[in-house]
Amino acid sequence: MFMFIIYALLIYVMGLGVGKVFIKKESKLYPLRSVIGFVIFMGVLEVLYLPLEYFNLSSTYSNIITLILSISSLVLGFMHIKKEDFSFLKDYHFYMLLVLLFGIMKIIPSIDATDDSVYFPLIMDNAFNNINTIAPETGILSNLDAYHAYQGFYIFISFIYKVQHLIFNSFTDIFVVFRSTFTLLFVLYFSNILSYLKDIFKKGINSYIYILLEVLSVLLIGVQHLNHIYFGSFALFSIFIPLYMIVINNSLKESDLKVILLMETGLISLASSSLFLILMILSVLFSYEVIVNKKVDITSYLLESIPCGIYGILLINKLILIPVYLLLILVFYIFRNTLNKVLSKYGKYIVYSIPFIFMLGSILLKGFINISLFSKSILLFNFLMLATILYLVLIKKEKINFYVFLFVLMIIIYYNPFTSTLVSRYLTTKEVFYRISFITKNPLTIISIFIFILKAFNKKYLKIGLYIFIGGLTILYTRNLYTLMIKNDDYFYDYNYILRESKENLEVGDILTTLEGKVVSLDFPFRSYNTTLSGKIYRFLGTAEYSDNIYEVLHHNYFLSDGFFNEIKEFDYIISQNRYNTSLSTYYNELFKNNTYTIFETKNIDNGLSD
């Protein structure tokens, strides 16, 4: 069970090895060498995985590639390892996050995220079969959708899972490898980011106020995101998007194209949402150079867009467009000097026109002010921060830094109810539109905004007012955390803090490892415990998509009709929450039952209605 500590430390050392190759000791990014090295490592892996992912080749190839690259990175790491590389052991950020993510956050509001039922079996399937050829939740032979088909992060985890499973052969191996290992690793990296921010931002700020800002920035991420930080998509929020923002800002002084390109590829391997997040950040960097620095070099943007361009083409599965795209890049590169002159002179007008173009587009799409994509608290917070920053910059003539500028333009152009219809339809999707907040509400952005405002206020009463505001927000979010995790008695039952799973779920999982056949399940991710099983899983209770006969029976205990039994005959087992299975107990034998779940056996049961 405690192998996750070894895995996390080995990956940390691998990141150190790669980071020390790419990041010079005199660079300002050197304190972040391990986390940058990890993202670069994932970027290199993703480049090597791409043919395997596209052609759904055997995982044997991905395992060989991963083994070679991992051993090489480990050798580099151990060759150059120093005592200072483990300074996180003296850092309070590390222990604060360790307690928060392994201790306090046990169930919010449930143990497993919906994504668990996809990624757990996906990782296990990809460890021994052809890559991305089995539908994770059902076990049916089916190629993975394009949005998940190029996430090399999970193929890397499949390699670690295979090692763990060959050694221990336990149904809890996936929990050790995924939940535990990557939660610990990301605690290391998150504490690394917070420590770095403290070093660059704390000067001139009261120590207690800065700590309060750190706590607030962590709480504002949201408890659901932190509880599932082991996912690449959720780790983007707290770690990898702030890291990319730091590297991109640093590129204005220390240009290192290979680091940026490999990092972008690594971010895409973590989550497909990186595609639009990277492009949005690059567009704001372009705007910053045009408006604030009054210069621009189109060459860097052309080259830095290549990983996103190629990934976008893979998503639509039009490989013929790759040479066309690269040719277009070449044409722009040839005429770069002319383009730079035009953009340096007129670029600011292009930037100023974009919000109005997006607003017009939203009006034409008949969805102007799509308020449903926002929460009122986020809108209020964004408006207050935006108004204050604009006042300080336009009226008080305060000099704006890149991170605050990034927040301002993201709110004006992208995370804006007046432009959201167009943005959510064509630049993101409605399902992941909210991930723009990964840029506007992450710890780096929050700390940057408040420190910018604090340093700009030269009147004591204004600073006191801001202190009260920061303190009030911290108390509010701490109260919400308390309500979700401590005050709710429903969540006080046996829980494995290492595996991050309840005892009752593990009991069901243990039984599932002894079964073979087809399963119909209400909300229980059965293939997360046994990938030899196949069947149906019904999630998102109460939505129209799942209001079919089985859902009606299990959820509402309606009369069991002939139609239900005719459909259920193809399944060998039913997994149901106890509150839904009153009627089922009349017709099916209970194979196993605990306080939450019952497993029914459907074989050879004469219910009198099935013929």
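Draft legend 1. Quick look at the overall build of the protein. Along its length, the protein carries 27 helices and 7 strands. The C-alpha extent of the protein, read off along each of the three principal axes, is 80 × 55 × 55 Å. Of the contacts formed within the protein by residues at least 6 apart in sequence, a portion of 72% connects residues at least 24 apart. For the protein, the exposed surface amounts to about 26500 Å²; the carbon and sulfur share of it is 63%. Taken together, the 48 basic and 43 acidic charged side chains of the protein have centroids lying 18 Å from each other.

Draft legend 2. Quick look at the sheet that holds strand S7 (residues 597–601). What the 5 strands build is an open sheet, ordered S4-S3-S5-S7-S6; its pairing is mixed. The open sheet has two free edges, formed respectively by strand S4 (534–538) and strand S6 (589–593), since each of these has just one partner strand. Taking the axes of each pair of neighbouring strands and ignoring which way they run, one obtains an average angle of 20° across the sheet. In this sheet, strand S5 (residues 573–577) lies alongside strand S3 (residues 518–522) in parallel orientation, the contact comprising 3 bridges. Residue Val519 lies in a different strand from S5, and its bridge partner there is Tyr573. Contacting S5, S6 and S7, helix H24 (residues 503–512) crosses the sheet at an angle of about 20° to S7.

Draft legend 3. Main features of empty space enclosed by the protein. Within this structure, the stated rule accounts for 3 cavities of 30 Å³ or more. Reported here for the largest cavity is a volume of approximately 40 Å³. As for the largest cavity, its lining consists of Ile378, Phe381, Asn382, Tyr415, Ser437, Thr440 and Lys441. When contributions to the lining of the largest cavity are tallied by element, the ones reaching two or more residues are helix H18 (376–395) and helix H21 (437–440). With 3 residues, H18 is the largest single contributor of residues to the lining of the largest cavity. In the lining of the largest cavity, the residues fall into 3 nonpolar, 3 polar and 1 charged.

Draft legend 4. Broad picture of the packing of aromatic side chains. One pass over the full model with this rule turns up 48 aromatic pairs. Relative to Phe231, the ring of Tyr230 has its centre 4.8 Å away and its plane inclined at 40°; by these criteria the two rings are tilted. Like Tyr230, the residue Phe231 is buried in the burial classification. Here Arg500 stacks its cationic end above the ring of Phe102, 5.9 Å away from the centre of that ring. Here the basic side chain of Lys518 rests over the ring of Phe571, its NZ or CZ set 5.5 Å away from the ring centre.

Draft legend 5. Representation of a nonpolar patch on the surface within the structure. A contiguous nonpolar surface patch, about 570 Å² in accessible area, is contributed by Leu327, Leu330, Val331, Tyr333, Ile334 and Phe335. Among the secondary structure elements, Leu330 is positioned in helix H16 (residues 321–334). Here Leu330 falls in the partly exposed class, since its relative accessible area comes to 43%.

Draft legend 6. Layout of the side chain of Asn250. In this structure, Asn250 sits in helix H11 (residues 232–250). Once residues within four sequence positions are removed from consideration, Asn250 is found in contact with Ser27, Lys28 and Leu29.

Draft legend 7. Representation of the nonpolar core within the structure. Counting 192 residues, the largest nonpolar core has Phe38, Phe156, Phe182, Phe186 and Phe240 as its most contacted members. Element by element, the count of residues in this core is highest for helix H8 (residues 173–201), at 18 residues. Once residues within four sequence positions are removed from consideration, Phe156 is found in contact with Ile11, Met14, Phe38, Phe41, Met42, Leu45, Tyr49, Thr66, Ser70 and Phe182. In terms of nonpolar packing, the next biggest core, distinct from the first, is built from 9 residues, Val520, Leu522, Tyr538 and Ile568 among them.

Draft legend 8. Structural detail: the pairing of S3. The buried fraction of S3 is high, at 4 of 5 residues. The sheet contact formed by S3 and S4 spans 5 bridges and is parallel. Bridging from a neighbouring strand, Lys518 pairs with Ser534 of S4.

Draft legend 9. Highlighting the packing of H11 against helix H13 (residues 274–291). H13 packs onto H11 with a crossing angle of 35° between their chain directions and a minimal axis gap of 11 Å. Where H11 crosses over H13, the two elements pack in a sense that is right-handed. Between H11 and H13, the residues in contact are Leu236, Ile241, Tyr244, Met245 and Ile248 and Ser274, Leu277, Ile278, Ile281, Leu282 and Leu285, respectively. Among the residues making up the contact of H11 with H13, the classes are represented as 10 nonpolar, 1 polar and no charged.

Draft legend 10. Representation of H13 within the structure. The terminal C-alpha atoms of H13 lie 25 Å apart, and with 18 residues this matches the ideal 26 Å at 1.5 Å per residue to within 8%. Of all the 18 residues making up H13, 15 are buried; the element is thus mostly covered by neighbouring parts of the structure.

Draft legend 11. Spotlight on the pairing of S6. With 4 bridges joining them, S6 and S7 adopt antiparallel strand pairing. Bridging from a neighbouring strand, Asn589 pairs with Glu601 of S7.

Draft legend 12. Here's a closer look at the side chain of Asp91. Assignment of secondary structure puts Asp91 in the loop between helix H3 (59–79) and helix H4 (92–104). One buried charged residue, Asp91, remains without a salt bridge, the closest side chain of opposite sign being Lys198 at 6.3 Å. Excluding residues within four positions of it along the chain, Asp91 makes contact with Ser191 and Ser195.

Draft legend 13. Here's a closer look at the packing of H11 against helix H19 (residues 402–414). Between H11 and H19, the shortest axis-to-axis distance is 10 Å and the interhelical angle comes to 115°. As for the relative orientation of H11 and H19, their crossing is right-handed in sense. Where H11 abuts H19, its residues Met245, Ile246, Ile248 and Asn249 lie against Phe402, Tyr403 and Leu406. Tallied by class, the residues present in the contact of H11 with H19 amount to 6 nonpolar, 1 polar and no charged.

Draft legend 14. Inspection of the environment of Tyr497 at higher detail. Relative to the elements of secondary structure, Tyr497 occurs in the loop between strand S1 (495–496) and strand S2 (501–502). Through-space distance from the C-alpha of Tyr497 to that of Ser180 is 9.0 Å; in sequence the pair is 317 residues apart.

Draft legend 15. View of the pattern of salt bridges. Summed over all chains, the structure comprises 9 salt bridges. When the shortest N-O distance is used, the salt bridge between Asp85 and Lys20 registers 2.7 Å. Taken as a pair, Asp85 in the loop between H3 and H4 and Lys20 in helix H1 (residues 3–22) lie far apart in primary sequence, 65 residues in all. Overall, the relative accessible area of 2% leaves Asp85 in the buried class. Relative accessible area serves as the criterion here: at 18%, Lys20 is assigned to the buried category. With its nearest N and O atoms 3.1 Å apart, the salt bridge here joins Asp125 to Arg527. Of this pair, Asp125 sits in helix H5 (residues 116–128) while Arg527 sits in the loop between S3 and S4, and the two are 402 residues apart along the sequence.

The rules behind each value
- Residues numbered from 1 in each chain as written.
- Predicted model: local features only at pLDDT ≥ 70, side-chain atom pairs only at ≥ 80, totals over all residues.
- Heavy atoms only, no water.
- Helix = DSSP H or I, 4+ residues; strand = E, 2+ residues; numbered from the N terminus.
- Contact = heavy atoms within 4.5 Å.
- Areas by Shrake-Rupley, 256 points an atom, 1.4 Å probe, with all protein chains shown as cover.
- Lys, Arg positive; Asp, Glu negative; His and termini not counted.
- Charge placed at Lys NZ, Arg CZ, Asp CG, Glu CD.
- Pairing = 2+ DSSP bridges.
- Axes fitted to C-alpha atoms, helices over the stretch in contact; angles between N-to-C directions.
- 1 Å grid on protein atoms, 1.4 Å probe; cavity = no way out; pocket = protein on both sides within 12 Å on 5 of 7 lines; lining within 4 Å.
- Points joined across faces, edges and corners; volume = space filled by probe spheres on them.
- Nonpolar A, V, L, I, M, F, W, Y, C, P; charged D, E, K, R; others polar.
- Phe/Tyr/Trp six-rings, centres within 6.5 Å; stacked < 30°, edge-to-face > 60°.
- Buried < 20%, exposed > 50% of the residue type's maximum accessible area, 1.4 Å probe, protein only.
- Lys NZ or Arg CZ within 6 Å of the ring centre and 35° of its normal.
- Patch = residues over 30% accessible without salt bridge, like charges linked within 9 Å, V, L, I, M, F, W, Y side chains within 5 Å.
- Salt bridge = Lys/Arg side-chain N within 4 Å of Asp/Glu carboxyl O.
- Core = buried A, V, L, I, M, F, W, Y, C linked by side-chain atoms within 4.5 Å.
- Left-handed = near helix turned anticlockwise from the far one by under 90°.
- Expected span 1.5 Å × (residues − 1).

The values reported here are purely geometric and, on their own, carry no functional implication.
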